[in-house]
Amino acid sequence: MNYSHRRPAGWIRDVLIMIAALALMGAAGYAVARLVEKGRPRRAAFNLEMERALAHAVEASIRVGGEVVEEPAVSDLTVKMQERLEDGLARMSSEALEKHGMRRPADGNLPEVRVLIVDSSTVNAVAFPGNLVVLYSGLVKAMNGPEELAGVLAHEIGHCVANDARNALIREVGLSVLLGASGAGSAGELASEVIRGAVRIRYGRRAEERADEFAVSLLASSDLDPTAYSDALRALAETADDAPEWARYIDVHPPLESRITQAEKRAAGAVHGDELDVDWAAVLAALPSPLNP
Ligand SMILES: [Zn+2]
């Protein structure tokens, strides 16, 4: 008897304990969710408007540093590359952009392309979220013409479009820092930290392959010769041996030879485009040089 009386009592107690535990877990889960919401912002909070604001702050900071080359021939080159690739980006189909991971801005306007050519003997280029690309004069000099340079620019825009630049920067600098700096406050300090972080970033094999593929597509839709991209890679390969591995613009993963072959294959079927109306000799002459200051 006692046994049969205790059985339902034990069963009810177990259910009550389970309900209490579930209620506690629910409350704790809700509290944790609230904390995460408040203390650790989500990536989506760093939206396209914030990316644009950050790009403006970074550009302003680089301009204040006084290293942007603003000779007329160089400004002419950057304006023409920006306009041509912006038009090409606008002409790319939604399917092509989505394939490369591009998020459509709420207002439907694609982000503008901004290019700065900075005085540095280093062969390098750095992409920032918000379609801002910094090309070092050392890299410009390694190119055989403006179309090859536009190819490198197209590759870097590929890292912006695919959110590689954004995601790598979030990892490198931290989302909280980026969100704090995109608003008011010390935009200059934030920009300096972002620039230091962006220079260290390596995207890895998959991202490089995707940006290579995008570069050829963007050159073609910009009415530029898509073979200019494999030519640019070949020209960069010649400079690669001079620099230590950590300082090389061209990542050795994937191997450069296979990247060149892939770029050639992708460009093979495309219609050969136009040239950029730029005085390349004047650009080279206008770039500062350690030997010819
Ligand atoms: Zn890259």
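Rules and cut-offs
- Residues numbered from 1 in each chain as written.
- Predicted model: local features only at pLDDT ≥ 70, side-chain atom pairs only at ≥ 80, totals over all residues.
- Axes fitted to C-alpha atoms, helices over the stretch in contact; angles between N-to-C directions.
- Helix = DSSP H or I, 4+ residues; strand = E, 2+ residues; numbered from the N terminus.
- Parallel < 35°, antiparallel > 145°, perpendicular 65-115°, else oblique.
- Left-handed = near helix turned anticlockwise from the far one by under 90°.
- Contact = placed C-beta atoms within 7 Å.
- Nonpolar A, V, L, I, M, F, W, Y, C, P; charged D, E, K, R; others polar.
- Buried ≥ 20, exposed ≤ 12 C-beta atoms within 10 Å, placed from the backbone.
- pLDDT = per-residue confidence, 0-100.
- Pairing = 2+ DSSP bridges.
- Core = buried A, V, L, I, M, F, W, Y, C linked by C-beta atoms within 7 Å.
- Expected span 1.5 Å × (residues − 1).
- Arc of directions from axis to C-beta.

In this section: the packing of helix α11 (residues 228–240) against helix α12 (residues 256–268). Running from N to C, α11 and α12 cross one another at 160°; their axes reach a closest spacing of 8 Å. In this view, α11 runs roughly antiparallel relative to α12, as classed from their interaxial angle. Judged by the twist between their axes, the crossing of α11 over α12 is left-handed. Across the interface between the two elements, Y229, S230, L233, R234 and A237 from α11 touch L256, R259, I260, A263, E264 and A267 from α12. Looking at the contact of α11 with α12, its residues break down into seven nonpolar, one polar and three charged.

Moving on to unusual backbone geometry. Even without being a glycine, N131 presents a positive backbone phi close to 60°. Within the secondary structure, N131 sits in the loop between β2 (125–128) and β3 (132–136). Judged by local crowding, N131 falls into the buried class, with 25 C-beta atoms found within 10 Å. For N163, which is not glycine, the phi dihedral falls at a positive 65°. Assignment of secondary structure puts N163 in the loop between α6 (146–161) and α7 (164–173).

What follows concerns the confidence of the model for the protein chain. With 77% of its residues at a pLDDT of 70 or more, the protein chain shows a mean pLDDT of 81. Taking the mean pLDDT of every element in the protein chain, the minimum, 45, falls on helix α1 (residues 2–39) and the maximum, 96, on helix α13 (residues 280–286). When the criterion is pLDDT under 50, residues 1–8 qualifies, and its contacts beyond four places in sequence or with other chains add up to zero contacts.

The subject of this paragraph is the pairing of β2. Here β2 shows two buried faces, one formed by A125 and A127 and the other by V126 and F128. A loop of three residues connects β2 with β3, the two strands running antiparallel in sequence, and G130 in this loop sits at a positive phi of about 90°.

Time to look at the sheet that holds strand β1 (residues 114–118). Strands sit in the order β1-β3-β2 across an open sheet of three strands; the sheet is mixed. In this open sheet, the two edge strands, each paired with only one partner strand, are β1 and β2. Direction aside, neighbouring strands of the sheet carry axes that sit 15° apart on average. Along the sheet, helix α2 (residues 48–64) makes contact with β1, β2 and β3, crossing β1 at roughly 20°.

Let us now look at the nonpolar core. Side chains of nonpolar character tend, in soluble globular proteins, to be buried together. L135, A150, L153, A154, L219 and Y229 are the most contacted members of the largest nonpolar core, which totals 68 residues. Ignoring anything within four residues of it in the chain, the contact list for A150 reads M81, R84, L85, L219, L224, A228 and L276.

Once that is clear, we can look at the pairing of β3. Among the five residues of β3, five are classified as buried, and the element is accordingly described as predominantly covered. Both faces of β3 are covered, namely the face carrying L132, V134 and Y136 and the face carrying V133 and L135. As paired strands, β1 and β3 are joined by five bridges and run parallel to one another. Its bridge partner lying in β3, R114 is registered against L132. For β2 and β3, the ladder comprises four bridges, and the chain directions are antiparallel. Along β3, the bridge assignment pairs F128 with L132.

The first and last C-alpha atoms of helix α3 (residues 72–91) sit 29 Å apart over 20 residues, in line with the 28 Å expected at 1.5 Å per residue. Here α3 has its buried residues at V74, L77, T78, M81, R84, L85, G88 and L89. Taken down its axis, α3 places every buried residue within 145° of arc, on the same side. Of the exposed residues in α3, those oriented more than 90 degrees away from the buried face are P72, V79 and A90. Each element contacted by the buried residues of α3 is listed here: β1, α6, α10 (205–221) and α13.

Below, the discussion takes up the environment of H159. Within the element layout of this structure, H159 appears in helix α6. Classification of H159 by C-beta neighbours within 10 Å gives buried; the count is 28. As a C-alpha pair, H159 and A211 span 52 residues in sequence and 5.8 Å in three-dimensional space. Beyond its immediate chain neighbours, meaning those up to four positions away, H159 contacts A127, D164, A165, Y203, A207 and A211.

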